[in-house]
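Analysis of the macromolecular model
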Amino acid sequence: MTKPPDVTWPQANARRLARQGLYAPGSHSSPAAVAGSMLGAHAQVLSAGELSIALRLPTGTTRAHVREALWTDRTLVKTYGPRGTVHLLPTADLPMWTGALSAVPAGPNQWPDHVRMTPEQTDEVVAAIRDALTGAELTIGELTDAIVERTGPWAGDRVMEAFQDMWPRWRQITHTAAHRGALAFGPNRGRNVTFTCPAVTPMADAPAVARLVRHYLYAYGPATPAHFARWLGVPKAWACEQFGKSANAGGIEAVAFEGAPAWVASGDTVFEDADPPLGVRFLPYFDAYAIACQPRERLFPGAAQTRALAAGQAGNYPVVLVDGIVAGVWHQRRSGKRLIMTVEPIGSALDRRSARKDLIAQADRVAEALEGRAELSVGPVTVGPHA
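The sections below set out a description of the structure shown in this document. (Residues numbered from 1 in each chain as written. Predicted model: local features only at pLDDT ≥ 70, side-chain atom pairs only at ≥ 80, totals over all residues. Heavy atoms only, no water.)

1. Quick notes on the layout of surface pockets
Its boundaries defined by the atoms lining it, the largest pocket holds a volume of some 1600 Å³. Lining the largest pocket are 47 residues; nearest its centre among them are Q172, I173, T174, H175 and T176. Those elements giving two or more residues to the lining of the largest pocket turn out to be β3 (76-80), α5 (94-103), α6 (119-133), α7 (140-151), β6 (158-162), α8 (174-179) and β9 (192-196). Considering each element in turn, the lining of the largest pocket owes the most residues, four residues, to α8. (1 Å grid on protein atoms, 1.4 Å probe; cavity = no way out; pocket = protein on both sides within 12 Å on 5 of 7 lines; lining within 4 Å. Points joined across faces, edges and corners; volume = space filled by probe spheres on them. Helix = DSSP H or I, 4+ residues; strand = E, 2+ residues; numbered from the N terminus.)

2. What about the sheet that holds strand β5 (residues 138-139)?
Pairing is antiparallel across the open sheet formed by three strands, whose spatial order is β5-β9-β8. One side of each edge strand has no neighbouring strand; the edge strands of this open sheet are β5 and β8 (184-189). The pairing of β5 with β9 spans two bridges and is antiparallel. Each residue of the ladder has a partner; that of T139, found in β9, is T194. (Pairing = 2+ DSSP bridges.)

3. Description of the nonpolar core
I53, I129, F228 and F300 are the most contacted members of the largest nonpolar core, which totals 117 residues. Top element by residues in this core is helix α9 (residues 205-220). It accounts for eight residues. Not counting residues up to four positions away in its chain, the partners in contact with I53 are P31, V34, A35, M38, A41, V66, L76 and L88. (Core = buried A, V, L, I, M, F, W, Y, C linked by side-chain atoms within 4.5 Å. Buried < 20%, exposed > 50% of the residue type's maximum accessible area, 1.4 Å probe, protein only. Contact = heavy atoms within 4.5 Å.)

4. Section: the pattern of salt bridges
Counting across every chain of the model gives 19 salt bridges. The residue R56 makes a salt bridge to D287 at a minimum N-O spacing of 2.8 Å. Within this pair, whereas R56 is found in the loop between α3 (46-54) and α4 (63-72), its partner D287 is found in the loop between β12 (280-283) and α12 (288-292), the two being separated by 231 residues in sequence. Classification of R56 by relative accessible area gives buried; the value is 1%. It is possible to trace a salt-bridge network through shared partners that takes in R15, R19 and D268. (Salt bridge = Lys/Arg side-chain N within 4 Å of Asp/Glu carboxyl O.)

Just distances and angles here, no functional claims.
The following block contains the structure:
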């Protein structure tokens, strides 16, 4: 048997950066292409998702270009993606995403018996949502009325405790409706969120999951089932089962990653023996690269594990990459067009003269993407996550 190739961390890191457009921003042609290469941009805070995408596109790209792709061209869609969190996904990839996410095993139902819905009620509400939202953009209140009209008053009973309020019963399956392709976000109407139906037909679950595994490995491989499970928010045993099916079908193949077993998409075994990519990159909250790249201790070495992670979770702090490694955290405060940006170095990588020059260029690029003007300082960041 031929020994699988041995991939080093610098090789894997360099290839991941290149494929996401972080090594050479502008290598992707559109917001949708960038979102596809990342496997979605986290957009619970929409401005962070917009910035994640814009920074990977050519100089001059701003959040306005991302919003145009989202709300005008509709090549992007805002919906519930990996881990049940809001993401910007390529519209063209929705058949895969909805098919795969619908196949993910449901976790324990946390709602009390008098609140939870039966599988039959879930199917009925999803059908009502699809019918109500097709060709429409409705607020929560309007959608609730439409669902009740199609199902009965039980779906609108305000029995769910949420954010010091009581929500209608149907809202417990919002993610489910999105994963089945019946619901996505529409543009805000003033301060009100709207939903619409993306008019997508989900792929069958088995080929959808197999395709998602290959896409994940193309973006973030080499990786293990445990890495995939953590990224997607699924049981490790289920992830192992899917990797086994993909391997048996010839969709993925084994490599050694830093001496340990791992996987890549079939035929995707070329890793350049090159120096690590040089330069500074700013990543916003919950950037896909910071969340998905493993092993995490290599991306967040030394003091970065305690300063740039929150209880081991990536994404709570915007980070500064130096040569593809987390070497700082940063914070911004906006005042009109002014973006007052502060960088807190971690370790000594940002002490290099070239790194300080790159910091200024990156701050200017962030400000350009957010349609502002940067004012940069380097020193302690005293704010917490999500400030």
